[in-house]
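Working through the structure, step by step
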Amino acid sequence: MTGSFLDNETWKYFWHPVCTVAELDASDHGRGALLKTTLLGVELVVARTESGVVAFNNRCPHRSAKLSLGWVRGDAIQCPYHGWSYGAKDGMCVAIPAAPNGPIPPNAKATKYDCEVRYDLVWVRLDNLADTNIPGHLVFDDPEFKCVLGPSYTWKTHSARRVENFVDLAHFPFVHPETLGSSGFNTFLAPNIDFQNEGTLRFRYVPQEGARKAVDGKGNLSPLAFSDYRVRAPFGVTVDLTLTNGSRMVLWVWATPIDDIHCRSFWFTCRNTDRDGPDQPHIDVQARILEEDIHVV
Ligand code: FES
Ligand code: FE
């Protein structure tokens, strides 16, 4: 695979989350759970059918109506225009109401994409030519951690730009002087980067004493001891933060490319202390930090 920074031809070989399971299920207004979403400029319909969650191109192969305006019928999606139904198994048309006895044309087939549910997110891969996997999540299944799926956010920037900001160490004293950073500390040593399998690179950032803060179990900003970064190609980052009080906080983010100039970030904040405490302070503090970032990104 080759490609430039903005080459969406490359990113189509990877899995990306396109919506949350919660929003898919909330989309059911009597037509079944199906919603429209966009990945790499391709409009999709995601639906919960009897045989599982599926993702099709949103265009009906008959006369191009949007399937997302139709209905879930058992394990098929029915088009809102002439009622043709497309099966979850392979997208093949299984019924034409106006010609119940006629042959089904072989090209009456909706384009189906790889689709899986993981971490309460719906993941889609537009092209399965390459043997890629859904990225790991360090602590999603770890009973010692409470993981909270934060509200996703869409920024007018490319996914790569969003990831770059997430792993940038030098912006803390300027963009986050009152939250994560401290305006007195401007110097950073370049961390040693360790390249691993499956397109993952890792590095540890050990700040000078007093240079960095992170969110503690109660959702307050506390001194950071060190943080381990895992950057998973192409658009995922996990930051495993250890505070000076010994507690850990794991931030997980994936910046899904909607198109060339928009990305939608899905993220978790996970903590191993105060697990029974309220989640909202954790959402609020991240929202405050993101507000600081969006102006520069
Ligand atoms: Fe979909 Fe005709 S446009 S059935
Ligand atoms: Fe930032």
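We now turn to the structure provided with this report. (Residues numbered from 1 in each chain as written. Chains lettered and ligands numbered in written order. Predicted model: local features only at pLDDT ≥ 70, side-chain atom pairs only at ≥ 80, totals over all residues. Heavy atoms only, no water.)

Let's shift gears to the coordination of the iron ion (ligand 2). Those protein atoms acting as donors to the iron ion (ligand 2) are His171 (NE2), His176 (NE2), Asp293 (OD) and Asp293 (OD), and they sit at 2.1 to 2.4 Å. Taken together, the 4 donor atoms coordinating the iron ion (ligand 2) span angles of 57 to 153° at the metal, a pattern that classifies the geometry as irregular. Spacing between the donor residues of the iron ion (ligand 2) along the chain follows H-x4-H-x116-D. The class for histidine 176 is buried, based on a relative accessible area of 1%. (Donors = N, O, S within 2.8 Å, 3.2 Å for Na, K, Ca; no water. Tetrahedral: all angles 85-135°; square planar, octahedral: opposite > 155°, others 65-115°. Buried < 20%, exposed > 50% of the residue type's maximum accessible area, 1.4 Å probe, protein only.)

Let's shift gears to the packing of aromatic side chains. In the structure shown here, the tally under the stated rule is 11 aromatic pairs. Ring centres of tryptophan 11 and phenylalanine 235 lie 4.9 Å apart, and the angle between their planes is 65°; this geometry places the pair in the edge-to-face category. Linking tryptophan 11 in helix α1 (residues 8–11) with phenylalanine 235 in the loop between β16 (221–232) and β17 (236–243), this pair joins segments that are 224 residues apart in sequence. Owing to a relative accessible area of 14%, tryptophan 11 belongs among the buried residues under this scheme. The class for phenylalanine 235 is buried, based on a relative accessible area of 1%. Their ring planes at 80° and their centres at 6.2 Å tell us that tyrosine 119 and tryptophan 123 sit as a pair that is edge-to-face. Tryptophan 123 shares its class with tyrosine 119; the two are buried. Through a chain of ring-to-ring contacts, three or more aromatic side chains come together here, namely Tyr119, Trp123, Phe140, Trp252, Trp254 and Phe268. (Phe/Tyr/Trp six-rings, centres within 6.5 Å; stacked < 30°, edge-to-face > 60°. Helix = DSSP H or I, 4+ residues; strand = E, 2+ residues; numbered from the N terminus.)

Here the focus is the pattern of salt bridges. Pairing is possible between side chains that carry opposite charge, provided their charged atoms lie close to one another. This structure, assessed with the given rule, holds 13 salt bridges. Between aspartate 127 and lysine 12 there is a salt bridge, with its nearest N and O atoms 3.9 Å apart. Here the residue aspartate 127 occupies a position in the loop between β10 (121–125) and β11 (146–149), and lysine 12 occupies one in the loop between α1 and β1 (15–20), the gap between them amounting to 115 residues. Look at aspartate 127 and you get partly exposed, because its relative accessible area is 21%. Among the salt bridges present, the one from arginine 161 reaches glutamate 164, with a minimum N-O distance of 2.8 Å. Of this pair, arginine 161 and glutamate 164 both sit in helix α3 (residues 159–166), 3 residues apart, which is roughly one turn of the helix. Residue arginine 161 is classed as partly exposed on the basis of its relative accessible area, which comes to 40%. Through salt bridges with shared partners, a single network forms among Glu9, Lys12 and Asp127. (Salt bridge = Lys/Arg side-chain N within 4 Å of Asp/Glu carboxyl O.)

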